Amino acid sequence: MEKCKCLLIEDDPTIQSLFALLLKDEYVLEISATGQAGLKMDLIKNPDFIILDLGLPDIDGMQVIAEVRKYSQKPIIVVTARDEDQEKVTALDLGADDYLTKPFSIEEMLARLRVIKRRLKSNLLNGTSFTDGRLRISYESCQVTVDDKEVHLTPTEYRLLVYLSRNAGKVITYKMLLSELRSGVTPELMDYDMGSLRVYMASLRKKIEPNISKPSYIITHLGIGYRLAYHDENDND
Ligand code: CA
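In every chain, residue numbers begin from 1 and rise along the written sequence. Owing to the predicted nature of the model, reporting of local features is limited to residues with pLDDT of at least 70; listing and counting of side-chain atom pairs is limited to 80 or more, with chain, interface and lining totals taken over all residues. Where side-chain values are given, they derive from all heavy atoms of the structure, hydrogens and water being excluded.

A. Broad picture of the pattern of salt bridges. Here a salt bridge means any side-chain nitrogen of Lys or Arg lying within 4 Å of a carboxyl oxygen belonging to Asp or Glu. As enumerated under the stated definition, the model contains 13 salt bridges in all. One salt bridge connects Asp97 with Arg119, and the closest N-O pair in it is separated by 3.4 Å. Of this pair, Asp97 sits in the loop between helix H4 (85-94) and strand S5 (98-101) while Arg119 sits in helix H5 (residues 106-122); the two residues are 22 residues apart in sequence, bridging distant segments of the chain. Categorising residues by exposure relies on relative accessible area from a 1.4 Å probe, with only protein chains included: less than 20% of the type maximum marks a residue as buried, more than 50% marks it as exposed, and the intermediate range marks it as partly exposed. What makes Arg119 buried here is its relative accessible area of 16%. A salt bridge links Asp147 to Arg134, with the shortest nitrogen-to-oxygen separation between them at 2.7 Å. Taken as a pair, Asp147 in the loop between strand S8 (143-146) and strand S9 (149-151) and Arg134 in the loop between strand S6 (129-132) and strand S7 (135-138) lie far apart in primary sequence, 13 residues in all. When its relative accessible area of 34% is taken as the criterion, Arg134 is described as partly exposed. The network of salt bridges with shared partners includes Glu10, Asp53 and Lys102. Only runs of H or I of at least four residues qualify as helices and only runs of E of at least two qualify as strands under DSSP, and these elements are numbered from the N terminus.

Pasting the structure below:
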């Protein structure tokens, strides 16, 4: 199989060599130390995905996300030294897929990259169904099954699940989920708020999670949002 192409935009030489060492066998890696050069490199080399440091010497990493999103939906993983939720939320709302907080473990980083690879392979947006582990969603018949048993979801629960599954592996912020819920209703019904989102999420989890006290499908990112995890993302494939 052809190797995945990755562009790392990062000015810290230590992190550059870490990635170069870890990714050399499985990925083709291009490195840029500035945002401007990174954007140029993205156009010339067209990598499959980008790992982006937010604190760059020239332009802000946020600007890089916004620029790339003008022409491409390729996955972007943000690397940030600042453990601030608001910054992650801003990056995700701009279109980043996931984030790593420095210092991160190598295992954690490799797990995130496996998720990205899965996303690249699966073509989620155009598929007619989503199947992963015990969960299956047929977008055509609006049918959801867990362990081959049909699960009955309310229209709102179903919309949440479809939105998360179309973006499986990607961290979805509260704001994105709320605007998705609000997009389908008439203005006078726009009463979805954080409280109701939590309630819908709790009832959705009750219906699809094998173990409700330890959710394995819908993962909470505290203060940020939710992510539909691949059931086997921690396996080495
Ligand atoms: Ca930096």
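So, next bit.
B. Broad picture of the domain arrangement of the protein. All domain edges in this entry derive from an automatic or database-based domain assignment. Each domain of the protein was delimited in the assignment, giving domain 1 (4-121) and domain 2 (129-228). At the interface, 13 residues of domain 1 touch 14 residues of domain 2. Surface buried jointly by domain 1 and domain 2 totals about 1,100 Å² across both partners, of which 50% is contributed by carbon and sulfur atoms. Using a 1.4 Å probe, buried area is obtained as the accessible area two parts lose upon being combined, added over both of them. It is Leu92, Asp93 and Arg119 that lose the most area in domain 1 upon contact with domain 2, and together they represent 38% of the buried surface on that side. Counting across the interface, domain 1 meets domain 2 through 1 salt bridge. When the shortest N-O distance is used, the salt bridge between Arg118 and Asp132 registers 3.2 Å. Contributing elements (two or more residues each) for the side of domain 1 that touches domain 2: H4, S5 and H5. It is H4 that contributes the most residues to the side of domain 1 that touches domain 2, 5 residues altogether. Charged means Asp, Glu, Lys or Arg here, nonpolar means Ala, Val, Leu, Ile, Met, Phe, Trp, Tyr, Cys or Pro, and polar covers whatever is left, Gly included. Class assignment for the residues of the side of domain 1 that touches domain 2 results in 5 nonpolar, 1 polar and 7 charged. Two residues qualify as a contact provided that any one of their heavy atoms is within 4.5 Å of a heavy atom in the partner residue.

C. Summary view of the coordination of the calcium ion. Metal coordination here is assigned from N, O and S atoms located within 2.8 Å of the ion, or within 3.2 Å for Na, K and Ca; omission of water means that sites may look incomplete. Taken together, the protein donors to the calcium ion comprise Asp11 (OD), Asp53 (OD) and Gly55 (O), at separations of 2.2 to 2.4 Å. Written as a sequence motif, the donor arrangement for the calcium ion is D-x41-D-x1-G. When its relative accessible area of 4% is taken as the criterion, Asp53 is described as buried. By relative accessible area, Gly55 is classed as partly exposed at 35%.

D. Quick peek at the sheet that holds S6. With antiparallel pairing, the 4 strands of this open sheet are ordered in space as S6-S7-S8-S9. With one partner strand each, in any of the chains shown, S6 and S9 form the two edges of the open sheet. On average, adjacent strands in this sheet sit at an angle of 25° to one another, irrespective of strand direction. Pairs of strands are assigned from DSSP output, requiring at least two bridges between the strands. Pairing of S8 with S9 involves 3 bridges; the strand directions are antiparallel. Note on S9: the bridge partner recorded for Val146 is Lys149. On the sheet, helix H6 (residues 155-166) packs against S6, S7 and S8 and is oriented at approximately 105° with respect to S7. The axes used here are C-alpha line fits, helices contributing only the stretch in contact, and every angle between their N-to-C directions lies in the interval 0 to 180 degrees.

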